[in-house]
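Take a look at the letters that make up each chain.
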Amino acid sequence: MQKVLVTGGTGYIGSHTVVELLNSGYDVDIVDNLSNSKIEVINAIEKITNKRPNFHKLDLLDKTSLDSLIDNNHYVFVLHFAGLKAVGESVEKPLLYYRTNLDSTINIIEAMLVYGVNNFVFSSSATVYGQQESPECIESMQTGSGITNPYGRTKYMIEEMLKDVHIAHPDFSATLLRYFNPIGNHPSGLIGEDPNGIPNNIMPVIMRVATGKIKELSIYGNDYDTPDGTCRRDYIHVVDLAKGHLAAMQHAKPGISVYNLGTGKPTSVLELLAAFETAAGRKMPHIFAPRRSGDVAEMWANPNLANQELNWHTDLTIADAMRDTLKFLESQR
Ligand code: UD1
């Protein structure tokens, strides 16, 4: 059985990917420091898959423990999800973000090079596209200019770092997966997005409005040059996103490969809210608020490269994501 290491495997996207990995017959080791996830996720993963991933509570900044884990196992792949990801916090605490996201990645790559593990899959983000002339993002576009926050810049810097590592160590290969906007959760409702603290992203906010923890959704801007005036994004069901990682592993090739993981279809904030309201069967309180600084009017993926080279397509809809979100909310009660 092929063994893989998943950093951040109890987190939102990591846990969904672990489910798909276990269902496909991989032996999975998770490392996570549980700074933004809960240990109960391991039980939930076992309930869904009937398999229990190995769990190591470990901080990736603890180089000694990380080295000995990688030394003592024969991983065929390392999937790196762990990292800080709150955009607003990254503006307030840039050094925390640079220290955590960059050092942890350097520690893993150094250990991989020492112990001969050559296949890396990195959780990158559409944020690396920054400001572009066209809202449809293609992998060949120039990245890095117009990124509005330190979090986004850590993703960009890590992408560049991986390219340099490959030049110096040609046996080292990495797949950079640029996620668009993940939403939804496993249809069992047993795992999902449950961020600590005040959420930034739209779905966790809508979920808190639904449960009454937040009074109303503030829609940031309704005067954008878009069909209904609100921003448009490419919302992708997290189960489709998780499956993209398996496709990337199955089609991994030497060198650095980059893929957008998105649906290719834009959805506005008002459309997203309406989809949630339809699934929930009730209206959600919302107001129009000023634009949020750093937001672009619209962006979506051109997913052709992943469609063709990875033979990966999205199957699930926004309605599926909303149904699954409601199931997750019920299971949290
Ligand atoms: C954000 C980050 C991106 C990160 C991604 C992680 C920015 C500029 N980008 O993307 O770097 O990779 O999260 O998922 O922060 N919205 C509201 N009200 C809310 C929250 C959001 O109207 O309370 C709107 C936003 O204006 C935006 C859309 O919902 O149009 C999606 O926002 P969000 O979920 O934060 O994702 P992005 O900003 O696209």
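Everything here concerns the structure above.
Treat the numbers as computed from the prediction; the structure is a model and nothing was measured.

(A) Local environment of the pairing of strand β9 (residues 217-220). Across the two faces of β9 the burial differs, with Leu217 and Ile219 buried and Ser218 and Tyr220 not buried at all. Bridging between β9 and strand β14 (residues 286-289) involves 4 bridges; their strand directions are parallel. Within β14, the position partnered with tyrosine 220 by the bridge is alanine 289.

(B) Here's a closer look at the layout of surface pockets. Here the second largest pocket is characterised by a volume of approximately 210 Å³. If you go around the second largest pocket, the residues you meet are Glu193, Asp194, Pro195, Met207, Arg208, Thr211, Lys213, Phe328, Leu329, Gln332 and Arg333. Looking at the lining of the second largest pocket, the elements that each hand over two or more residues are α7 (202-210) and α11 (318-332). Class assignment for the residues of the lining of the second largest pocket results in 4 nonpolar, 2 polar and 5 charged.

(C) Broad picture of the packing of aromatic side chains. Taken as a whole and assessed by the stated rule, the structure comprises 2 aromatic pairs. Where phenylalanine 120 meets phenylalanine 172, the ring centres are 6.2 Å apart and the plane angle is 35 degrees; that geometry is what we call tilted. A residue pair is termed long-range when its members are at least 10 positions apart, and phenylalanine 120 in strand β5 (residues 119-125) and phenylalanine 172 in the loop between α6 (150-168) and β7 (173-179) qualify at 52 residues. Looking at phenylalanine 120, the relative accessible area reads 1%, which means it is buried. Overall, phenylalanine 172 belongs to the buried group, its relative accessible area being 0%. Judged by centre distance (6.4 Å) and plane angle (35 degrees), the rings of tyrosine 129 and phenylalanine 180 are tilted. Of this pair, tyrosine 129 sits in the loop between β5 and β6 (136-137) while phenylalanine 180 sits in the loop between β7 and β8 (181-183), placing them 51 residues apart in sequence. Here the two residues tyrosine 129 and phenylalanine 180 agree in accessibility, since each one is buried. Above the plane of the ring of tyrosine 129 lies arginine 178, whose end atom (NZ or CZ) is 5.0 Å from the centre. Taking the ring centre of tyrosine 224 as reference, the NZ or CZ of arginine 291 above it sits at 3.9 Å.

(D) The site of the ligand, seen in detail. Around the ligand lies a shell of 20 residues, among which Ile202, Ser218, Arg233, Arg292 and Asp295 are the nearest. Contact distances for the ligand include 3.1 Å between an oxygen atom and a side-chain N or O atom of threonine 127. Contact between the ligand and serine 218: a nitrogen atom at 2.7 Å from a main-chain N or O atom of the residue. When isolated, the ligand has an accessible area of 740 Å², and the protein chains bury 89% of it. Elements with a minimum of two residues in the shell around the ligand: α7 and β9. At 4 residues, β9 tops the list of elements feeding residues into the shell around the ligand. Classifying every residue of the shell around the ligand gives 10 nonpolar, 7 polar and 3 charged.

(E) Structural detail: the nonpolar core. Ranked by size, the top nonpolar core spans 35 residues in total, and within it Val4, Val6, Leu21, Val28, Leu79 and Met249 carry the most contacts. Secondary structure elements with two or more residues in this core: β1 (3-7), α1 (12-23), β2 (27-32), α2 (40-49), β4 (75-80), β7, α8 (238-250) and β12 (256-261). Apart from residues lying up to four places away in sequence, methionine 249 is in contact with Val4, Leu21, Tyr26, Phe77, Leu79 and Val121.

(F) Fine view of the packing of α1 against α8. Across the interface, α1 lies against α8 with an axial gap of 8 Å and an inter-helix angle of 60 degrees. With respect to α8, the axis of α1 lies oblique. In the crossing of α1 with α8, the sense of the turn from one axis to the other is right-handed. Where α1 abuts α8, its residues Tyr12, Ile13, His16, Thr17, Glu20 and Leu21 lie against Val238, Val239, Leu241, Ala242, Lys243, His245, Leu246 and Met249. Partitioning the contact of α1 with α8 into residue classes produces 9 nonpolar, 3 polar and 2 charged.

(G) Molecular detail of the sheet that holds β7. The 7 strands lie next to each other as β3-β2-β1-β4-β5-β7-β12, forming an open sheet whose pairing is parallel. In this open sheet, the two edge strands, each paired with only one partner strand, are β3 (54-57) and β12. Across the sheet, the mean angle from the axis of one strand to that of its neighbour is 20 degrees, orientation sign disregarded. Sheet topology note: the β5/β7 ladder contains 7 bridges and is parallel. Pairing of phenylalanine 122 across the sheet is with leucine 176, part of β7. In this fold α8 packs onto β1, β4, β5, β7 and β12, with an angle of close to 160 degrees to the strand it touches most, β7.

Calculation notes
Residues numbered from 1 in each chain as written. Predicted model: local features only at pLDDT ≥ 70, side-chain atom pairs only at ≥ 80, totals over all residues. Heavy atoms only, no water. Buried < 20%, exposed > 50% of the residue type's maximum accessible area, 1.4 Å probe, protein only. Helix = DSSP H or I, 4+ residues; strand = E, 2+ residues; numbered from the N terminus. Pairing = 2+ DSSP bridges. 1 Å grid on protein atoms, 1.4 Å probe; cavity = no way out; pocket = protein on both sides within 12 Å on 5 of 7 lines; lining within 4 Å. Points joined across faces, edges and corners; volume = space filled by probe spheres on them. Nonpolar A, V, L, I, M, F, W, Y, C, P; charged D, E, K, R; others polar. Phe/Tyr/Trp six-rings, centres within 6.5 Å; stacked < 30°, edge-to-face > 60°. Lys NZ or Arg CZ within 6 Å of the ring centre and 35° of its normal. Near = heavy atom within 4 Å. Polar contact = N/O pair within 3.5 Å; in protein donor to acceptor, adjacent residues only side chain to side chain. Areas by Shrake-Rupley, 256 points an atom, 1.4 Å probe, with all protein chains shown as cover. Core = buried A, V, L, I, M, F, W, Y, C linked by side-chain atoms within 4.5 Å. Contact = heavy atoms within 4.5 Å. Axes fitted to C-alpha atoms, helices over the stretch in contact; angles between N-to-C directions. Parallel < 35°, antiparallel > 145°, perpendicular 65-115°, else oblique. Left-handed = near helix turned anticlockwise from the far one by under 90°.

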